Amino acid sequence: MKNENESVSVSKNESVSKNEDESHDKSVQQIQHPFHKEHPLVLVAEQNNEGLKAYCDGCGELLSAPCFTCFHCNYHLHKQCAEAPLEIPNHRLHPKHSYAGFFLRQKPCLYDDLVYGCALCKEKRNMFFYECNDCVFFIDIKCAQLSSSFKFSQPSKHDIHQHPLTFIESLTIIDVSKRFNCSWCHEPLIDAIYLCPDCPFIIHKKCLDELPIEIDHLTHRLHPLILNRSDSDYFCNLCQKQHSGPFYGCSLCHFNINVECAWPRSTVEDKSRHQHPFTLLRRQDSFICDACGTEGNCISYICSICNLMVHKVCTSLPRIINFSRHDHCVFHKYFLKGFRRQDCKICFNEVKLDRGSYSCRKPGCNYVVHVNCVLEHEGLYKVIEEEKQCEELEEKSMQSSIIRIIEVNEAGEATKIEHFSHQHCLVLADKMEEEIDRKCDGCMLPISNIFYYCSECHFFLHKTCAELPRIKQHWFHQSNSTLYFDSFKKCDFCNQRCSGFFYKIGEGWDMCLRCAKVSDIIECKGHQHFLFFDFKYMEKCNGCGETNRYGAFRCGKCRFALDFGCLTLPHSALHKIDEHKLKLTYHDDNEQSYCDICEKYRDPSLWHYSCSICDTSAHIKCVLGHFPFLKDGVTFIYYHKHHHDLKFFRKVKGYPECSYCGKLCQEEILKCEKSTCNYIIHNKYKCRWRY
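Because the structure is predicted, anything quoted here is derived from the model rather than measured.

## Some words on the side chain of His575
Position of His575 among the secondary structure elements: in the loop between strand S40 (572–573) and strand S41 (582–585). If we ignore the near neighbours within four places in the chain, the residues touching His575 are Leu582, Ile597, Cys622 and Val623.

## Some points on the sheet that holds strand S6 (residues 102–105)
Ordered in space as S5-S6-S7-S8, the four strands form an open sheet in which the pairing is antiparallel. Two strands lie at the open edges of the sheet, namely strand S5 (87–88) and strand S8 (138–140), each paired on one side alone. Sheet topology note: the strand S7 (residues 129–132)/S8 ladder contains three bridges and is antiparallel. Residue pairing for S8: Glu131 is matched across the bridge by Phe138.

## Considerations on the pairing of strand S2 (residues 36–44)
Judged from the three bridges that link them, strand S1 (residues 30–33) and S2 form a sheet pairing that is antiparallel. Considered in S2, the bridge of Gln30 is made with Val42. Hairpin connection, S1 to S2: the antiparallel pair is bridged by two residues. Of the strand pairs in this sheet, S2 and strand S3 (residues 67–70) are connected by three bridges, and their pairing is antiparallel. Bridge pairing links Leu43 to Phe68 in S3.

## Description of the sheet that holds strand S47 (residues 646–651)
Taking strand neighbours across the sheet as the criterion, the four strands line up as S46-S47-S48-S49 in an open arrangement whose pairing is antiparallel. Because the sheet does not close on itself, it has two edges, and the strands there are strand S46 (635–636) and strand S49 (680–682). Taken together, the two bridges between S46 and S47 define a ladder with antiparallel strand orientation. Paired with Phe636 across the strands is Leu646, a residue of S47.

## Comments concerning the nonpolar core
Formed by 114 residues in total, the largest nonpolar core has its most connected members in Tyr358, Phe553, Leu562, Phe564, Trp607 and Tyr609. Sorting elements by how many residues they give to this core places strand S34 (residues 497–505) first, with five residues. Taken together, domain 4 (214–261) and domain 5 (569–624) each give at least three residues to this core, which thus spans both. When neighbours within four sequence positions are excluded, Leu562 is seen to be in contact with Cys524, Leu531, Cys541, Asn542, Gly543, Ala552, Phe553, Leu567 and Trp607. Within the second largest apolar cluster, 48 residues are counted, among which are Ile88, Cys118, Ile168 and Ile202.

What counts and what doesn't
- Residues numbered from 1 in each chain as written.
- Predicted model: local features only at pLDDT ≥ 70, side-chain atom pairs only at ≥ 80, totals over all residues.
- Heavy atoms only, no water.
- Helix = DSSP H or I, 4+ residues; strand = E, 2+ residues; numbered from the N terminus.
- Contact = heavy atoms within 4.5 Å.
- Pairing = 2+ DSSP bridges.
- Core = buried A, V, L, I, M, F, W, Y, C linked by side-chain atoms within 4.5 Å.
- Buried < 20%, exposed > 50% of the residue type's maximum accessible area, 1.4 Å probe, protein only.
- Domains from an automatic or database assignment.

Now the structure itself:
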């Protein structure tokens, strides 16, 4: 019996030990990562024969075992990236904020101009990075892992750059040398360097140590040029641009040259940009650049084989780019054959056919733009290295609409669909059974043409709104925009509070459907010429008189401009002031005009609504109200002190008293969603914000 009991005890102990091992194995085999909370990540310890054929979402490199992966979401992390600390106390490249700590973030904003790139490799790479808690300094996870194994010297004492420089003796452990050249001699970074952690400045040690204090330059023979440094912007007389930092200058003649212009490379060769090398030509005469069509002076580069003369910066123009304002990739050409006169589709000025420009290769597509126009905003284009990438981008952009077709007619047209924004099926129709004012729940504009409707509730969608793609590239931004449904949101383009569909553009812009349907080049009934969007325009809108801060649609032939808000106004609207529909009117011949609703002065030069039959005219805001694009019954998301949610209604029966000011409520009210609660307030600023 004793042996038997001992045997049972041993067996139980072995069983317990086995269970503990299994439990331990499970805990080791999967983790919950803070950047992927949807599902646990499972450890893949060994790589199979076929390979994982995926990329790490942490460092962007090809995946290899050991790694953690989510099979539901196709999300992968190298084991080293998955186990990277969420916070590091300091980094030797950024000692001034070591007390604040550095925190791991998912991906940098690739279009944020405030961030130059990783402090070490200078790239804005799509990977995990550590960010300083006090400033825009960051270092990506690859460089953070590499830099932990080597030493940085004390900052350089040279006073030729606005920031302290850090010395790195060897570049073999980082790949910065593959993508960057010395900021002064422009030669590859194969030797010891000084690096600025705060901006994209890198220089050979030998260049910094041997840079002459005084030079004679062919562009200024009268006096020697002295090496200086400026923390504020100065004007370079050679490249005609503003710079900061080191420069050679003559104080007597107020003549300055950026150091890069003073020491240009003798030869530039990049076969991905041009098939032959460019050679430096030092001359004092002005010239017209064959690559971009604009004037240059003093320093140029030539290709003797192609008989080309170009600016220094134009030696490296990208051959192919994907431009957000056009559906296809555009290609750089030094001259265009077979074209007649062409106007640039951005600035509407003539494109010289015997000079460089970007154009579309698609048959029948005459899209041509100036080089400087298309490359002006980095956030609007992406460089394409190989032509086959163009086909891949076009395939990705051809996303199916967000509907499921249930029934079709003989012509193959979808007559019954399911849509992501509504719980019931939608049926196709071409007219309203009753003469009622119904709005599309996608764009919140009146239903006037073919549409889908719900037979179970009051839900309507224009056919064009129902068939929109879920993901598309909008001309306003290079990154893809995503369609979503929201009951209450402010559009960042027309500044209207809206119900319905929105596109999320880039990192932080919400665009309502009315604005999303506006192209970058438009024809407007209120003006005789085409309008194009100018990102730099900051003057008044001719429709509403408001000053534009983020660009506007302007005319290339006269001083006329419109913002998104005016371009997306409904062409007609109903108001109790008149029995007819009021039409959007673009000008008034009267010297003095008054609004028939508020009875106050109306500027006759601005847009308004009017009825020609009754001679009625009114301000746009008086006709449309404060929230013309909100649907009745949407939940109001402003801060308020009432303990229940409030819902928006355009009108209310019985003229109840406002719970805040005590006056009668006639239009645009907020009402408690609880049927047993009689809380109602005016949808006016003082009532909705102060109660």
